[in-house]
Amino acid sequence: MIHRKTTPGELVLVLEERKGYILETEKYREKIREKPREKTRKKNREIVLKLIRKRPEITTAGLAEETGLTPNWIEWQISQLKKSGLLERVGPDKCGHWRIKES
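Here we summarise the structure given alongside this text.

Rules used throughout
- Residues numbered from 1 in each chain as written.
- Predicted model: local features only at pLDDT ≥ 70, side-chain atom pairs only at ≥ 80, totals over all residues.
- Heavy atoms only, no water.
- Helix = DSSP H or I, 4+ residues; strand = E, 2+ residues; numbered from the N terminus.
- Buried < 20%, exposed > 50% of the residue type's maximum accessible area, 1.4 Å probe, protein only.
- Areas by Shrake-Rupley, 256 points an atom, 1.4 Å probe, with all protein chains shown as cover.
- Pairing = 2+ DSSP bridges.
- Expected span 1.5 Å × (residues − 1).
- Salt bridge = Lys/Arg side-chain N within 4 Å of Asp/Glu carboxyl O.

**Looking at the overall build of the protein chain**
Of regular secondary structure, the protein chain possesses three helices and four strands. Counting every position in the protein chain, which comprises 103 residues, the buried fraction comes to 22%. As displayed, the protein chain has an accessible area near 8,400 Å², and 52% of this comes from carbon and sulfur atoms.

Structure, rendered in structure tokens:
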């Protein structure tokens with residue numbers, strides 16, 4: 001079987017050798033790791049939201065420290081929550097707080 005580097009969901013041409021013949025078929029590359037990764041992201045997102053509900057004044061550094069996740073991941077997750085409209089920052093960075101919008 002001959003492979004080239006592809007992205008998930010891309011239609012690829014696969015060449016296989018069977019009984020001396022070369023078969024040419026088109027297949028879609030499956031997204032193998034998407035489900036476990038999304039499950040982990042969802043779990044971590046719930047942990048972050050739980051901490052924010054408990055302490056709305058918590059900082060991203062505080063969230064990273066309490067969860068054990070990296071500060072970059074926390075900032076990325078907060079930006080995703082803001083984009084989706086679930087989270088907003090009220091007031092300035094230093095003395096403001098988070099507001100969770102329940103849907």
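**Things to note about the pairing of strand 4 (residues 97-100)**
With burial as the criterion, only one face of strand 4 is covered, namely that bearing W98 and I100; the residues H97 and R99 on the opposite face remain uncovered. Sheet analysis places strand 3 (residues 87-90) next to strand 4, joined by four bridges and oriented antiparallel. By the bridge assignment, L87 is partnered in strand 4 with I100. Between strand 3 and strand 4, which pair antiparallel and follow one another directly, the connecting turn spans six residues, one of which, G91, has a positive phi of 85°.

**Looking at helix 3 (residues 71-83)**
Here helix 3 contains 13 residues, and its C-alpha end-to-end distance of 18 Å stays within 8% of the 18 Å for a straight helix at 1.5 Å per residue. Once helix 3 ends, the next one or two residues include G85, with phi positive near 85°.

**Examining the pattern of salt bridges**
Scanning all chains against the criterion turns up three salt bridges. One salt bridge connects E66 with R55, and the closest N-O pair in it is separated by 2.3 Å. With E66 in helix 2 (residues 60-67) and R55 in the loop between helix 1 (34-54) and helix 2, the pair connects residues that are eleven residues apart, well separated along the chain. Among the ionic pairs, E88 bridges to R99, the shortest N-O distance being 3.0 Å. Taken together, the residues E88 in strand 3 and R99 in strand 4 connect sequence positions eleven residues apart. Judged by its relative accessible area of 25%, E88 falls in the partly exposed class. Look at the salt bridges and you will find they share partners, linking R55, E57 and E66 into a network.

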